[in-house]
Amino acid sequence: MTSEMGSTMDNLAEIQNGLEDLGFVAKYNIADGIIVVSLDGGTPAALMIEGGHLSITAQVCTLGELREDNLAVFAMAALDANSRISPFAFSLITERDDPTIQGTSQYVVTLVDHIPLGDFEKPELESAMQSLITALVGSREVLEAGCGETAKTPA
(Lines give C-alpha, C1' and ligand atoms only; values in the text may rest on other atoms or scores of the structure.)
Protein backbone atom coordinates (compact mmCIF):
# COMPACT_ATOMS: atom_id res chain seq x y z
CA MET A 1 0.00 0.00 0.00
CA THR A 2 1.31 3.47 -0.77
CA SER A 3 1.28 6.34 1.67
CA GLU A 4 -1.05 8.47 -0.46
CA MET A 5 -3.81 10.33 1.33
CA GLY A 6 -6.59 7.90 2.06
CA SER A 7 -4.23 4.91 2.40
CA THR A 8 -3.38 3.54 5.79
CA MET A 9 0.23 3.13 6.85
CA ASP A 10 0.97 0.16 9.06
CA ASN A 11 4.68 -0.50 8.55
CA LEU A 12 7.87 1.53 8.73
CA ALA A 13 8.53 1.49 4.98
CA GLU A 14 5.15 3.15 4.34
CA ILE A 15 5.70 5.60 7.19
CA GLN A 16 9.13 6.51 5.79
CA ASN A 17 7.53 7.21 2.41
CA GLY A 18 4.88 9.34 4.14
CA LEU A 19 7.55 11.32 6.00
CA GLU A 20 9.48 11.93 2.80
CA ASP A 21 6.26 13.01 1.03
CA LEU A 22 5.86 15.56 3.85
CA GLY A 23 9.38 16.90 3.23
CA PHE A 24 11.24 15.20 6.10
CA VAL A 25 14.59 13.50 5.66
CA ALA A 26 13.90 9.99 6.96
CA LYS A 27 16.31 7.05 7.13
CA TYR A 28 14.89 3.61 7.77
CA ASN A 29 17.25 1.21 9.52
CA ILE A 30 15.65 -2.15 8.79
CA ALA A 31 18.05 -4.06 11.09
CA ASP A 32 17.07 -1.96 14.13
CA GLY A 33 13.43 -1.48 13.07
CA ILE A 34 13.63 2.28 13.42
CA ILE A 35 13.24 5.40 11.31
CA VAL A 36 15.40 8.39 12.19
CA VAL A 37 14.09 11.78 11.08
CA SER A 38 16.12 14.98 11.17
CA LEU A 39 13.97 17.88 12.31
CA ASP A 40 14.71 21.57 11.77
CA GLY A 41 17.65 22.54 13.93
CA GLY A 42 19.17 19.07 13.69
CA THR A 43 17.19 17.38 16.45
CA PRO A 44 16.70 13.72 15.53
CA ALA A 45 13.47 11.86 16.18
CA ALA A 46 13.12 8.08 16.23
CA LEU A 47 10.00 6.31 15.01
CA MET A 48 9.32 2.62 15.65
CA ILE A 49 6.37 0.29 15.75
CA GLU A 50 5.66 -1.38 19.08
CA GLY A 51 2.55 -3.41 19.82
CA GLY A 52 0.36 -1.88 17.12
CA HIS A 53 1.44 1.67 17.97
CA LEU A 54 3.82 4.08 16.29
CA SER A 55 6.19 5.46 18.93
CA ILE A 56 7.78 8.82 18.20
CA THR A 57 10.66 9.83 20.47
CA ALA A 58 13.00 12.83 20.43
CA GLN A 59 15.92 13.31 22.82
CA VAL A 60 15.86 16.59 24.70
CA CYS A 61 18.94 16.12 26.92
CA THR A 62 20.50 13.76 29.45
CA LEU A 63 20.13 14.18 33.20
CA GLY A 64 23.89 14.76 33.34
CA GLU A 65 23.44 17.93 31.28
CA LEU A 66 21.20 19.45 33.93
CA ARG A 67 22.33 21.17 37.10
CA GLU A 68 22.06 18.66 39.92
CA ASP A 69 20.68 21.28 42.30
CA ASN A 70 17.88 22.02 39.79
CA LEU A 71 16.68 18.44 39.17
CA ALA A 72 13.61 18.78 41.38
CA VAL A 73 12.66 22.06 39.68
CA PHE A 74 13.23 20.41 36.30
CA ALA A 75 11.03 17.43 37.24
CA MET A 76 8.20 19.69 38.40
CA ALA A 77 8.48 21.84 35.25
CA ALA A 78 8.41 18.71 33.05
CA LEU A 79 5.30 17.36 34.80
CA ASP A 80 3.63 20.74 34.50
CA ALA A 81 4.54 21.04 30.81
CA ASN A 82 3.15 17.60 29.90
CA SER A 83 -0.39 18.96 29.64
CA ARG A 84 0.73 21.82 27.38
CA ILE A 85 2.81 19.68 25.01
CA SER A 86 0.21 16.91 24.72
CA PRO A 87 0.02 14.48 22.95
CA PHE A 88 3.76 14.34 23.65
CA ALA A 89 5.07 13.95 27.18
CA PHE A 90 8.43 14.06 28.90
CA SER A 91 9.88 10.64 29.61
CA LEU A 92 13.15 9.02 30.68
CA ILE A 93 15.15 6.29 29.02
CA THR A 94 16.90 4.41 31.83
CA GLU A 95 19.01 1.27 32.10
CA ARG A 96 15.74 -0.71 32.11
CA ASP A 97 15.21 0.49 28.52
CA ASP A 98 18.87 0.53 27.44
CA PRO A 99 21.32 -1.71 29.28
CA THR A 100 24.27 0.37 28.01
CA ILE A 101 23.24 3.24 30.30
CA GLN A 102 25.60 3.44 33.27
CA GLY A 103 24.08 5.62 35.99
CA THR A 104 21.49 8.35 36.30
CA SER A 105 23.61 11.03 34.63
CA GLN A 106 23.20 9.06 31.38
CA TYR A 107 19.41 8.83 31.63
CA VAL A 108 17.98 10.32 28.45
CA VAL A 109 15.19 12.89 28.75
CA THR A 110 12.86 12.50 25.79
CA LEU A 111 9.57 13.65 24.39
CA VAL A 112 7.42 10.67 23.43
CA ASP A 113 4.05 9.92 21.85
CA HIS A 114 2.37 6.58 21.01
CA ILE A 115 -0.16 6.56 18.18
CA PRO A 116 -2.44 3.60 17.31
CA LEU A 117 -1.86 2.37 13.77
CA GLY A 118 -5.31 0.96 12.93
CA ASP A 119 -6.29 3.65 10.40
CA PHE A 120 -3.13 5.74 10.46
CA GLU A 121 -2.88 7.93 7.36
CA LYS A 122 -0.64 10.75 6.13
CA PRO A 123 -2.71 13.55 7.74
CA GLU A 124 -2.23 11.87 11.16
CA LEU A 125 1.50 11.50 10.47
CA GLU A 126 1.75 15.16 9.52
CA SER A 127 -0.16 16.17 12.65
CA ALA A 128 2.06 13.99 14.85
CA MET A 129 5.25 15.49 13.42
CA GLN A 130 3.91 19.03 13.81
CA SER A 131 2.97 18.21 17.41
CA LEU A 132 6.52 16.99 18.01
CA ILE A 133 8.00 20.21 16.67
CA THR A 134 5.61 22.23 18.85
CA ALA A 135 6.50 20.09 21.89
CA LEU A 136 10.22 20.61 21.27
CA VAL A 137 9.74 24.37 21.20
CA GLY A 138 7.57 24.11 24.32
CA SER A 139 10.30 22.16 26.12
CA ARG A 140 12.55 25.23 26.25
CA GLU A 141 11.24 26.53 29.58
CA VAL A 142 11.61 23.08 31.11
CA LEU A 143 15.25 22.95 30.02
CA GLU A 144 15.78 26.42 31.42
CA ALA A 145 14.39 25.21 34.75
CA GLY A 146 16.86 22.34 34.75
CA CYS A 147 19.84 24.35 33.65
CA GLY A 148 19.15 27.42 35.75
CA GLU A 149 20.03 29.57 32.75
CA THR A 150 18.87 30.16 29.20
CA ALA A 151 18.90 26.83 27.42
CA LYS A 152 19.25 26.14 23.74
CA THR A 153 15.96 25.11 22.14
CA PRO A 154 16.38 21.51 20.96
CA ALA A 155 14.52 22.08 17.68
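Each remark here, short or long, concerns the structure printed above.
Calculation rules
Residues numbered from 1 in each chain as written. Predicted model: local features only at pLDDT ≥ 70, side-chain atom pairs only at ≥ 80, totals over all residues. Heavy atoms only, no water. Helix = DSSP H or I, 4+ residues; strand = E, 2+ residues; numbered from the N terminus. Rg over C-alpha atoms; globule rule 2.2 N^0.38 Å. 1 Å grid on protein atoms, 1.4 Å probe; cavity = no way out; pocket = protein on both sides within 12 Å on 5 of 7 lines; lining within 4 Å. Points joined across faces, edges and corners; volume = space filled by probe spheres on them. Nonpolar A, V, L, I, M, F, W, Y, C, P; charged D, E, K, R; others polar. Buried < 20%, exposed > 50% of the residue type's maximum accessible area, 1.4 Å probe, protein only. Pairing = 2+ DSSP bridges. Core = buried A, V, L, I, M, F, W, Y, C linked by side-chain atoms within 4.5 Å. Contact = heavy atoms within 4.5 Å. Polar contact = N/O pair within 3.5 Å; in protein donor to acceptor, adjacent residues only side chain to side chain. Salt bridge = Lys/Arg side-chain N within 4 Å of Asp/Glu carboxyl O.

## Points about the overall build of the chain
Within the chain one finds 4 helices and 6 strands. Listing the helices and strands of the chain from first to last along the sequence gives α-β-β-β-β-α-β-β-α-α. Rg of the C-alpha trace for the chain: 16 Å, near the compact-globule value of 15 Å for 155 residues, within the 12% margin. For the chain, the C-alpha atoms occupy an extent of roughly 50 × 30 × 25 Å along the three principal directions.

## Considering the layout of surface pockets
Approximately 450 Å³ is the volume attributed to the largest pocket. For the largest pocket, the lining is made up of 21 residues, of which Ala-46, Met-48, Thr-57, Ile-93 and Thr-110 are closest to its centre. Going through the elements one at a time, strand E2 (34–38), strand E3 (44–50), strand E4 (53–62), strand E5 (89–93) and strand E6 (108–116) are the ones with two or more residues in the lining of the largest pocket. Per-element tally for the lining of the largest pocket: the top contributor is E3, with 5 residues. Across the lining of the largest pocket, the residue classes break down as 12 nonpolar, 6 polar and 3 charged.

## Re the pairing of E4
In terms of burial, E4 is largely enclosed, as 8 of its 10 residues are buried. As defined by bridge partners, E3 adjoins E4 across 6 bridges and the pair is classed as antiparallel. Each residue of the ladder has a partner; that of Ile-49, found in E4, is Leu-54. The turn linking E3 back onto E4 is made up of 2 residues, and Gly-51 within it adopts a positive phi angle of 55°.

## So, the nonpolar core
Counting 42 residues, the largest nonpolar core has Ile-15, Leu-19, Leu-47, Met-129 and Leu-132 as its most contacted members. Sorting the residues of this core by element identifies helix H1 (12–21), E2, E3, E4, helix H2 (71–82), E6, helix H3 (122–138) and helix H4 (140–147) as the ones contributing at least two each. Sort the elements by how many residues they give to this core and H3 lands first, with 6 residues. Setting aside its immediate chain neighbours within four residues, Leu-19 contacts Phe-24, Ala-26, Ile-35, Val-37, Leu-47, Leu-125 and Met-129.

## Description of H1
The complete set of buried residues in H1 reads Leu-12, Glu-14, Ile-15, Gln-16, Gly-18 and Leu-19. Elements in contact with the buried residues of H1: strand E1 (25–29), E2, E3, E4 and H3. The N-cap residue of H1 is Asn-11: its side-chain oxygen and the backbone nitrogen of Ala-13 are 3.1 Å apart. Downstream of H1 by a residue or two, Gly-23 has a phi angle that is positive, lying close to 95°.

## As for the environment of Ala-128
Relative to the elements of secondary structure, Ala-128 occurs in helix H3. Between the C-alpha atom of Ala-128 and that of Asn-29, which follows or precedes it by 99 residues, the distance is 21 Å. Beyond its immediate stretch of four places on either side in the chain, Ala-128 contacts Ile-56, Phe-88 and Ile-115.

## Quick word on the pattern of salt bridges
Per the stated rule, a full pass over the model turns up 5 salt bridges. Of the charged contacts in the structure, one is a salt bridge between Asp-21 and Lys-122, with a shortest N-O distance of 3.2 Å. With Asp-21 in helix H1 and Lys-122 in helix H3, this residue pair connects regions lying 101 residues apart in the sequence. Here Glu-144 and Arg-140 are joined by a salt bridge, their closest N and O atoms 3.0 Å apart.

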